[in-house]
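Summary of the model geometry
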Amino acid sequence: TVEEGTSRLIQPPAGYSRAYWSRSDGRELPSGVHQVGNDLKITQAHPDHSGTYHCDLYHVDGTRKTIPYEIHVQ
């Protein structure tokens, strides 16, 4: 849960060589939400930022693990 108007940095678990963030509905990340390195940064949270995001984590050998993150802006 993120308070409206605040910023939040969401960090995936460590131990992966790279991460790729996306929305579960396939749409592009909304304005104010962007990937910084392997992290997801939400700037001035807005209700439109709410939803399920997927973080695809990749090991050096190319194997992938996907973790869903449910974000609620209040």
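The structure under discussion appears in the preceding block.
The notes below deal with the structure included here.

Right, let's talk about the pattern of salt bridges for a bit. In total, this model carries two salt bridges according to the counting rule given. The partner of Arg-23 in a salt bridge is Asp-25, with the nearest N and O atoms 3.8 Å apart. What makes Asp-25 partly exposed here is its relative accessible area of 43%. With its nearest N and O atoms 2.7 Å apart, the salt bridge here joins Arg-27 to Asp-25. A single network of salt bridges, built from pairs that share partners, joins Arg-23, Asp-25 and Arg-27.

Within this structure, the stated rule accounts for one aromatic pair. Judged by centre distance (5.0 Å) and plane angle (50°), the ring pair of Trp-21 and Tyr-69 falls under tilted. Residue Trp-21 is found in strand E2 (residues 18–23), and its partner Tyr-69 is found in strand E6 (residues 64–71); the two are separated by 48 residues along the sequence.

Time to look at the pairing of strand E3 (residues 33–36). Note that E3 and strand E4 (residues 39–42) share four bridges and pair antiparallel. Looking at the pairing, His-34 lines up with Lys-41 of E4. In textbook terms, the turn of a hairpin is the stretch between consecutive antiparallel strands, and for E3 and E4 this stretch comprises two residues, one of which, Gly-37, has a positive phi near 65°.

This part covers unusual backbone geometry. Located in the positive-phi region is Gln-44, a residue other than glycine, with phi close to 45°. Within the secondary structure, Gln-44 sits in the loop between E4 and strand E5 (51–58). For Gln-44, a relative accessible area of 57% gives the class exposed.

Turning our eyes to something else, we now look at the environment of Gly-32. Mapped onto the fold, Gly-32 is located in the loop between E2 and E3. The spacing of Gly-32 and Ile-67 is 35 residues in sequence and 21 Å in space, taken between C-alpha atoms. With near-sequence residues (within four places) excluded, Gly-32 lies in contact with Lys-41, Ile-42, Thr-43 and His-49.

How each quantity is defined
Residues numbered from 1 in each chain as written. Predicted model: local features only at pLDDT ≥ 70, side-chain atom pairs only at ≥ 80, totals over all residues. Heavy atoms only, no water. Salt bridge = Lys/Arg side-chain N within 4 Å of Asp/Glu carboxyl O. Buried < 20%, exposed > 50% of the residue type's maximum accessible area, 1.4 Å probe, protein only. Phe/Tyr/Trp six-rings, centres within 6.5 Å; stacked < 30°, edge-to-face > 60°. Helix = DSSP H or I, 4+ residues; strand = E, 2+ residues; numbered from the N terminus. Pairing = 2+ DSSP bridges. Contact = heavy atoms within 4.5 Å.

The analysis is restricted to geometry; functional conclusions fall outside its scope.
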